[in-house]
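Reading the structure
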Amino acid sequence: MKFYNLKVKDITKETSDTITIHLKQPLFSKIKYKPGQFLTIVLPVNGKSIRRAYSLSSAPNIDETLSITIKRVDNGLVSNYVNDHLKVGDKMEIIEPMGHFCLEPDKGLARHVVLFGSGSGVTPLMSIAKSILMFEPKSVVSIIYGNRNTDTIIFKAKIEEMQKKYGERFNVVHVLSRSEENWIGYKGRIDKTLTINVLNLLPKFDKSQTEYFMCGPEGMMDEVVAALTSLQTPKEKIHRESFVSSTASEAKEDAKNAAGGTERDVVIILDDEEYRVTVKPTATILEAGLDAGLDMPYSCQSGLCTACRGKRKAGEVKMDEDEGLSEMEIKDGYILTCVAHPLTDNVVVEIG
Ligand SMILES: Cc1cc2nc3c(=O)[nH]c(=O)nc-3n(C[C@H](O)[C@H](O)[C@H](O)COP(=O)(O)OP(=O)(O)OC[C@H]3O[C@@H](n4cnc5c(N)ncnc54)[C@H](O)[C@@H]3O)c2cc1C
Ligand code: FES
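Below or above, wherever it landed, is the structure these notes cover. Each chain has its residues counted from 1, running along the sequence as written. All chains are assigned letters beginning with A, and all ligands numbers beginning with 1, in the order in which they are written. Side-chain atom pairs in this predicted model are given and counted only at pLDDT of 80 or more, local residue features only at pLDDT of at least 70, and totals for whole chains, interfaces and linings cover all residues. Hydrogens and waters are ignored; side-chain quantities use all the structure's heavy atoms.

**With respect to the nonpolar core**
Worth spelling out the cut-off: Throughout, nonpolar core names a set of buried Ala, Val, Leu, Ile, Met, Phe, Trp, Tyr and Cys residues whose side chains join them through atoms within 4.5 Å. Each residue gets one of three labels from its accessible area relative to the maximum for its type: buried under 20%, exposed over 50%, partly exposed in between, using a 1.4 Å probe on protein chains only. Segments assigned H or I by DSSP are reported as helices when at least four residues long, segments assigned E as strands when at least two residues long, and all are numbered from the N terminus. In this analysis, two residues are considered to be in contact whenever any of their non-hydrogen atoms come within 4.5 Å of each other.
If you look at the biggest cluster of nonpolar residues, it comprises 26 residues, and the most contacted ones within it are V113, L115, I128, V141, I143, F170 and F213. Here the element with the most residues in this core is helix α2 (residues 122–135); it accounts for seven residues. In contact with F213, not counting residues within four places along its chain, are F101, C102, L103, V113, V114, L115, F116, L125, I128 and H239. If you look at the next biggest cluster of nonpolar residues, it comprises 25 residues, including V277, Y298, V317 and C338.

Here it is, written out as structure tokens:
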């Protein structure tokens, strides 16, 4: 994992509770990333180093800066700290961009990229939309974007500017849950019925040429997936990203119980070296690796971002949360070490 110390070049106030932080790229060897990926900010708080994942709202080869957009969370440590205290000229420590929720443009393709977002979930979708519209001239992008009211729409002006620039290649459907009286667009939440109705109005592309990306609350994403499933959408065309774990605490209890309260040794293969670490009954494989001084990759520590992904070579593990992994990855033996507990004594995990 590469760490960087970047200067805050600019800060944009997007809404009353959301800012975009524009970080200056290093002068030489620019930081590379894919549309939809996130970076990790590292903040020293009370002598501890705190990490949080933030999707890049900027797009590679379009935006000069690396930009992240942060919405306040009630009682949230980092989101409120940066909204209240961060200034232009400050330095910010980050870890290089990561993540598998991404879509790279290919100028030869003519496809339909359909994006579903709500609130701050729009950030990776903006990066994807900008890239596809700019670098795939035969493709169409549609975004179905839920917010409370018009004042809480992050990137409202930017989206309008893109609509003017790209015309029929960029369809925007705003959905407001507490709309103003004069609002003539969709009202309510993005649910199964609304999704099916909106999809009926969007340009028609072959199933094999349509990709769906969604980022927002679990409930919204479950509804969208239910709609897409009812329309026989192939699973591999549906991509989702979660910012917050809804089940982690209950699941953690379950996993601890399943682990049987037993301390177990696990072999971690990191950069081709093998290390044997002891995982305490309440600990995760990541925690045990970090306690043993291993430079294990991680970011969210909630089983969402996949930064800590490893492949299980032997033994059995139980994960508190597997939201970040696709069915295929789980089948292929991938695990998220930040939420994984060994169930047997012979667990071997290769990081990467
Ligand atoms: C891959 C990934 C990408 C992300 N990208 C973005 C992004 O682009 N913009 C952005 O604003 N956030 C993003 N997040 C969420 C972000 O990492 C933090 O979780 C969020 O900013 C809260 O951090 P905090 O320190 O303020 O709150 P904490 O101090 O960690 O949490 C305070 C309380 O809020 C709850 N909570 C945490 N996150 C959320 C949330 N998102 N919504 C509601 N409740 C929450 C916690 O469970 C806790 O109870 C992303 C997360 C992941 C995993
Ligand atoms: S650190 Fe994010 S999934 Fe493990």
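That shown, we press on.
**What to know about a negative patch on the surface**
Rule in force here: Each patch is assembled from residues with relative accessible area greater than 30% and no salt bridge, linking like charges that lie within 9 Å and nonpolar side chains (Val, Leu, Ile, Met, Phe, Trp, Tyr) that lie within 5 Å. To measure how exposed things are, a 1.4 Å probe is used in the Shrake-Rupley method; for residues, cover is taken only from the protein chains shown. By definition, a salt bridge exists where a carboxyl oxygen of Asp or Glu is found within 4 Å of a side-chain nitrogen of Lys or Arg. None of His or the chain ends enter the tally, which takes Lys and Arg as positive and Asp and Glu as negative. Here the site of a charge means NZ on Lys, CZ on Arg, CG on Asp, or CD on Glu.
Together, D271, D272, E273, E274 and D295 make up a region of like negative charge exposed at the surface. Structurally, D271 can be placed in the loop between β13 (264–270) and β14 (273–279). For D271, a relative accessible area of 68% puts it in the exposed group.

**Re the packing of aromatic side chains**
Operational definition: Stacked, tilted and edge-to-face are the three classes applied to pairs of Phe, Tyr and Trp rings, where Trp contributes its six-membered ring and a pair requires centres within 6.5 Å; stacked means planes under 30 degrees apart, edge-to-face means over 60, and tilted covers the rest. Whether a charge sits over a ring comes down to the Lys NZ or Arg CZ being within 6 Å of the ring centre and within 35 degrees of the ring normal.
If you walk through the whole model with that rule in mind, you get one aromatic pair. Ring plane angle 70 degrees and centroid distance 5.3 Å describe the contact between F101 and F213, whose orientation is recorded as edge-to-face. One end of the pair, F101, is in the loop between β6 (91–98) and β7 (112–118); the other, F213, is in strand β11 (residues 210–215), with 112 residues separating them in the sequence. The burial state of F101 is the same as that of F213; both residues are buried. Of note, R51 hangs over the ring of Y298, and the distance from its end group to the ring centre comes to 3.7 Å. Its end group placed over the ring of Y334, R309 keeps NZ or CZ at 4.0 Å from the ring centre.

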